[in-house]
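So the chains spell out like this:
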Amino acid sequence: MRKHILITLILLALTAYVTIVYFKNLNSPESHAAVVISVIPDSAPLIFEFNNDSSVYDIFKGDTLFSAVAGKETVSQLDTLRRQVLLNAALRKYFTGQNLFISVHPFPGKQIELLLTISATKDFNINAFNLPAKQPNIAFSVMPLHTSAKHGFIINVKALGKPFYLVEKGENVFSGSFSADLAEQAAIYKPQKGKQSFTLLPDQQNANSLANLYVNYSQFDRLFSLLFKNRNTDIFKNFRMLPAFAALTLNYRKDALMFDGSTSLGGSTRDGYLGIFAGQQPVINRLKDVFPSTTAYSTNFSVSDPVKFGNDLGRSFVKAGLKNEEDQLFNKIQAETGINLPNSFNSLLGNEFAIVTTRYFEKLAIVEVKDGPRLNSLLMNISKVTDVNSGQFSYDKLPVFLLGDAFGIFKHPYFLIIDNYLILANSSAELKSYDDSYLNRKFLSKNDQYQLFDNLVAAQSNVAFLLIFKNAEPIFNRDMSDSFLQALRANEPGWKDFYAMSWQFAAVDKNFYTNFCLKLKTDTAMVKN
């Protein structure tokens, strides 16, 4: 009996030990991410997370890739702040090994500001910020900051010559910025109960990743309103203001910034245009092979089941209140031509269709079809014929009701059938330009730099955005805000050192697996080094 009691006590002791260890691990930097990220103002479209550990900094040491993205001056300022403050003898033990979050916040009429958020260890005491002042030859000074936060500090780093504003958010979590306005915003910010701002990575995936990127798509439009003076720019338009969240992990390369992970759609998103593609299966992307060499940016849509896509698109019009307008249009076409256009078109629709903008501001729709000659015969019955394979639609808004919201830019388009491709444009000159590119094989896919870039992106997707920086320069020159355009041209290293960017969605369980790739030019010093 005593033996059984002894064994029972030992088992209870082991259970208690395991429980203590388990709950101790729950307070690790990885699981604490939810607490830290919840205090970051939800105005941020992007949050970059990495561990504040010397091994991580050693990996990025001498790597100019991130300097090209954020700007050399910004990276230098953050590095000085880390070395002088976070690595200070009185503070180092409280912040080393903790995850650091750098969030991007657009301010209307101002520059884009960065907010740094980090948690201290449990044994941290707020008075530790006063200890550095007692050290000889201290590199920074600390003054109290009166904000809405419980504790606030102004940290003046001599090497920077500018103040850094730091506020405590509770539970030993601190947010700081070189912007006093953003620090105050962080001080008063309280997350709304039940409102989601970001999706987090699972703890194990977080623990094993080098760095993470969190995305709130609905905040992208605020960011773009600062980047571009032309508020009507359609760059990345289908992804902006999307009520969805992404959690991506870094795949480290010297020549490219690459992240992959998941994008989670909200309930309303599933009823919208991009939500339709979440109900499809990923498709191998081949349509990009016939994009013109002058492509500046494009959005490619892919469906595994074109008929299902047509049916789902029709249901989305019902929910959007556009069903009556759609019915009136197609009923009119059937009454005047005898053609049931939705059924006929969907039976001939291929797996991919895209919108392409060229460096000459041309806008093209390129649609893969199953039988070009049959589609040509069909379209001739609803168009003003200009040639044996081309014409102009006699009815308005056909592209939007056949292919969806993204094609609303083509109101009364001209069309051209080349092999098994339907080309749409708003002018006959744009059609002739593409016809020349196609007949003479002047395709983007023939470019060596593009082929190296394309080798890095996912082969399959359902929605894919592509930007070619060099080709987009004329559009940036026309539409980008002056301050950002100047930085784009002048920064060294900078965005001009990149060749292309892509953002891809591939449907998985009614959500999207997401790939992001930003690749340097092969002839830049950063790549050669």
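Anything mentioned here points back to the structure above.
(A) Quick look at the nonpolar core. Counting 119 residues, the largest nonpolar core has Y273, F277 and F353 as its most contacted members. Residue contacts for F353: discarding those within four places in its chain leaves Y273, F277, L287, T299, N300, F301, V303, F309, I366, V367, L403 and F407. Among the nonpolar cores identified, the runner-up in size contains 28 residues, and L287, L364, I418 and L456 belong to it.

(B) Representation of the packing of aromatic side chains in the model. Applying the stated criterion to the full structure yields 48 aromatic pairs. Both rings, one in F124 and one in F129, keep their centres 5.6 Å apart while their planes meet at 70°; by these two values the pair is edge-to-face. Since its relative accessible area comes to 8%, F124 is described here as buried. Where F239 meets F505, the ring centres are 5.0 Å apart and the plane angle is 65°; that geometry is what we call edge-to-face. Of this pair, F239 sits in the loop between α9 (220-227) and β9 (244-252) while F505 sits in strand β21 (residues 498-508); the two residues are 266 residues apart in sequence, bridging distant segments of the chain. Accessibility classification places F239 together with F505 in one group, the buried group. Taking the ring centre of Y438 as reference, the NZ or CZ of R441 above it sits at 4.8 Å.

(C) Local environment of empty space enclosed by the protein. Tallying each qualifying case throughout the model produces 3 cavities of 30 Å³ or more. Roughly 180 Å³ of internal volume is contained in the largest cavity. For the lining of the largest cavity, the elements supplying multiple residues, two or more each, are α5 (72-86), β3 (112-119), β6 (162-170) and β7 (173-177). With 4 residues, α5 is the largest single contributor of residues to the lining of the largest cavity. Approximately 160 Å³ is the volume attributed to the second largest cavity.

(D) Region of the structure containing the side chain of E430. Position of E430 among the secondary structure elements: in helix α17 (residues 428-439). It turns out E430 is buried and unbridged, and the closest side chain with the opposite charge, K363, is 8.1 Å from it. Polar side-chain contacts of E430 include one of 3.3 Å to the backbone nitrogen of N426. Apart from the residues lying within four places of it in its own chain, the contact partners of E430 are F361, E362, K363, L364 and A425.

(E) Structural view of the pattern of salt bridges. Taken as a whole and judged by the stated rule, the model has 15 salt bridges. One salt bridge connects K397 with E325, and the closest N-O pair in it is separated by 2.9 Å. Of this pair, K397 sits in the loop between β16 (390-393) and α16 (398-403) while E325 sits in helix α13 (residues 323-337), and the two are 72 residues apart along the sequence. Judged by its relative accessible area of 35%, K397 is partly exposed. Across the pair K470 and E473 runs a salt bridge, and its minimum N-O distance is 3.7 Å.

(F) Examining the packing of helix α14 (residues 341-348) against helix α15 (residues 372-380) more closely. At a minimum axis separation of 10 Å, α14 and α15 run at an interaxial angle of 160°. Between α14 and α15, the angle falls in the class roughly antiparallel. Crossing hand, α14 versus α15: left-handed. Where α14 approaches α15, its residues L341, S344, F345 and L348 are matched on the opposing element by R374, L375 and L378.

(G) Highlighting the layout of surface pockets. Considering only enclosed or pocket space, the second largest pocket measures out at about 710 Å³ in volume. Mapped by element, the contributors of at least two residues to the lining of the second largest pocket are α10 (267-270), α11 (273-278), β12 (295-302), α12 (306-319) and β13 (349-358). The greatest single-element share of the lining of the second largest pocket, amounting to 4 residues, is contributed by α12.

Criteria and cut-off values
Residues numbered from 1 in each chain as written. Predicted model: local features only at pLDDT ≥ 70, side-chain atom pairs only at ≥ 80, totals over all residues. Heavy atoms only, no water. Core = buried A, V, L, I, M, F, W, Y, C linked by side-chain atoms within 4.5 Å. Buried < 20%, exposed > 50% of the residue type's maximum accessible area, 1.4 Å probe, protein only. Contact = heavy atoms within 4.5 Å. Phe/Tyr/Trp six-rings, centres within 6.5 Å; stacked < 30°, edge-to-face > 60°. Helix = DSSP H or I, 4+ residues; strand = E, 2+ residues; numbered from the N terminus. Lys NZ or Arg CZ within 6 Å of the ring centre and 35° of its normal. 1 Å grid on protein atoms, 1.4 Å probe; cavity = no way out; pocket = protein on both sides within 12 Å on 5 of 7 lines; lining within 4 Å. Points joined across faces, edges and corners; volume = space filled by probe spheres on them. Lys, Arg positive; Asp, Glu negative; His and termini not counted. Salt bridge = Lys/Arg side-chain N within 4 Å of Asp/Glu carboxyl O. Polar contact = N/O pair within 3.5 Å; in protein donor to acceptor, adjacent residues only side chain to side chain. Axes fitted to C-alpha atoms, helices over the stretch in contact; angles between N-to-C directions. Parallel < 35°, antiparallel > 145°, perpendicular 65-115°, else oblique. Left-handed = near helix turned anticlockwise from the far one by under 90°.

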